[in-house]
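Residue strings, one per chain:
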Amino acid sequence: LDCMRAVLSIKKRCRDEALQSGDIDAVYRDMAIHSVHELAVNGRDLADRFNVPAGAWIGELLNVLVSQVLQQTLPNEKDALLAYAGRWLNDRYQT
């Protein structure tokens, strides 16, 4: 769901910028990633790094990472994504 919101937000930004610049292709090309498959990490990386069994948390976290990268608040770099993921897991599942 977060991924969809991020994509819709980016699409709206593309439309808005395209109306101003007339070049939606350039806006699309400038996006850091275009799908979850372009993230510098995948579900296996997350499960292995944090030694947590695969589950719904992986999809949720990947969506969060996509959103952060698309909003340019996080670089699409493995170390940065894993560091953010660790903080997200601690915040999310801290008891």
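In this text the structure is predicted, and so the values were computed from the model without any measurement. (Residues numbered from 1 in each chain as written. Predicted model: local features only at pLDDT ≥ 70, side-chain atom pairs only at ≥ 80, totals over all residues. Heavy atoms only, no water.)

**Q** Hey, could you run me through the overall build of the protein chain in this one?
**A** Within the protein chain, the secondary structure is distributed over five helices and zero strands. When burial is assessed residue by residue, the protein chain has 35% of its 95 residues classed as buried. Sequence-distant contacts in the protein chain: of pairs separated by 6 or more residues, those separated by 24 or more amount to 60%. Of the accessible surface of the protein chain, which amounts to about 6300 Å², a share of 50% is contributed by carbon and sulfur atoms. (Helix = DSSP H or I, 4+ residues; strand = E, 2+ residues; numbered from the N terminus. Buried < 20%, exposed > 50% of the residue type's maximum accessible area, 1.4 Å probe, protein only. Contact = heavy atoms within 4.5 Å. Areas by Shrake-Rupley, 256 points an atom, 1.4 Å probe, with all protein chains shown as cover.)

**Q** Would you take a moment to explain the packing of aromatic side chains for this structure?
**A** Two aromatic rings, taken as a pair, are described by how far apart their centres are and by the angle between their planes. The full count for this structure, using the stated rule, is one aromatic pair. Centroid distance W88 to Y93: 6.3 Å. Interplanar angle 80 degrees. Geometry classified as edge-to-face. Since its relative accessible area comes to 45%, Y93 is described here as partly exposed. (Phe/Tyr/Trp six-rings, centres within 6.5 Å; stacked < 30°, edge-to-face > 60°.)

**Q** Is there a simple way to think about helix α5 (residues 78–93) in this case?
**A** Structural remark: α-helix, 3.6 residues per turn; residues separated by three or four positions point the same way. With 16 residues, α5 extends 22 Å between its outermost C-alpha atoms, agreeing within 8% with the 22 Å of an ideal straight helix rising 1.5 Å per residue. Buried within α5 we find A80, L81, L82, A85, G86, W88 and L89. Where α5 is buried, its residues meet α3 (43–50) and α4 (56–70). (Expected span 1.5 Å × (residues − 1).)

**Q** Please clarify how the environment of I33 should be interpreted in this entry.
**A** Among the structural elements, I33 can be located in the loop between α2 (24–30) and α3. By relative accessible area, I33 is classed as buried at 0%. Considering only alpha carbons, one finds I33 and L70, 37 residues apart in sequence, at a separation of 6.8 Å. The residues contacting I33, other than those within four sequence positions of it, are E38, L39, V66, V69, L70 and N76.

**Q** What should I look at first to understand the environment of V41 in this one?
**A** With respect to the secondary-structure elements, V41 resides in the loop between α2 and α3. V41 gets classed as buried once you look at its relative accessible area, which sits at 3%. A sequence separation of 41 residues divides V41 from L82, and the C-alpha atoms of the two residues are 7.7 Å apart. Once you skip the residues sitting within four places of it in the chain, V41 turns out to touch L46, L62, L65, K78, L81 and L82.

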